[in-house]
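The chain contents come next:
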Amino acid sequence: MVRPSVEGFYDSVTATWSYVVWEAGSTDKRCAIIDSVLDFDIFSGRTAFASADKIVAFVQAQGLAVQWHLETHIHADHLTAAHYLKQKLGGKTGISRHILSVLKTWAPILQNEADTPQDGSAFDHLFADDEVFSIGALSAKIIHTPGHTPA
């Protein structure tokens, strides 16, 4: 049986956990980064990459190859670092297809249609409920768990 290895990274500013998941001890070095955090200073409006760079350093030290940047939901409590990490490490971005309902809800409130594609095309893949996919040799399954957000 293939078992995942998980390394957590805690961001104390947003009280958010990010994770790197892979199969340790395997020659297959593909991994997923889940719910990455981009540092944001609310007072200056500036972003930084210290939290994301810790993940970059870990991935590189382990000799991992990023296959996925996964978002468990859209985040109001922090900004994602997926785009930054994708530029640094490669990989594809993915989120539940239920993101489309969140985008539809937020559009009239935030009036962000001009800079936020409403069709989900900002992500490489929109996962269907119960979709099975892989992280290297690991098998993963999407489980729709609305509550914190509909997605």
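Residues numbered from 1 in each chain as written. Predicted model: local features only at pLDDT ≥ 70, side-chain atom pairs only at ≥ 80, totals over all residues. Heavy atoms only, no water.

**Side note on the overall build of the protein**
- Along the backbone of the protein there are 3 helices and 10 strands.
- The secondary structure elements of the protein, listed N-terminal to C-terminal, are β-β-β-β-β-α-β-α-β-α-β-β-β.
- The C-alpha atoms of the protein give 16 Å as radius of gyration, which agrees with the globular expectation for 151 residues (15 Å, within 12%).
- Structurally, the protein occupies a C-alpha span of about 50 × 40 × 25 Å along its principal axes. (Helix = DSSP H or I, 4+ residues; strand = E, 2+ residues; numbered from the N terminus. Rg over C-alpha atoms; globule rule 2.2 N^0.38 Å.)

**Observations concerning the packing of aromatic side chains**
- Applying the stated rule across the entire model yields 8 aromatic pairs.
- Ring geometry for F9 against F58: centres 5.5 Å apart, planes inclined by 75°, an arrangement best described as edge-to-face. Of this pair, F9 sits in strand 1 (residues 5-11) while F58 sits in helix 1 (residues 50-62), and the two are 49 residues apart along the sequence. In this pair, the class of F9 matches that of F58, namely buried.
- Considering the side-chain rings of W68 and F127, the 5.2 Å spacing of their centres and the 50° angle between planes classify their relative orientation as tilted. Of this pair, W68 sits in strand 6 (residues 65-70) while F127 is found in strand 8 (residues 125-127), placing the two residues 59 residues apart along the sequence.
- W68 gets classed as buried once you look at its relative accessible area, which sits at 5%.
- For F127, a relative accessible area of 2% puts it in the buried group.
- A network of ring pairs unites the aromatic residues F9, W22 and F58 as a single cluster. (Phe/Tyr/Trp six-rings, centres within 6.5 Å; stacked < 30°, edge-to-face > 60°. Buried < 20%, exposed > 50% of the residue type's maximum accessible area, 1.4 Å probe, protein only.)

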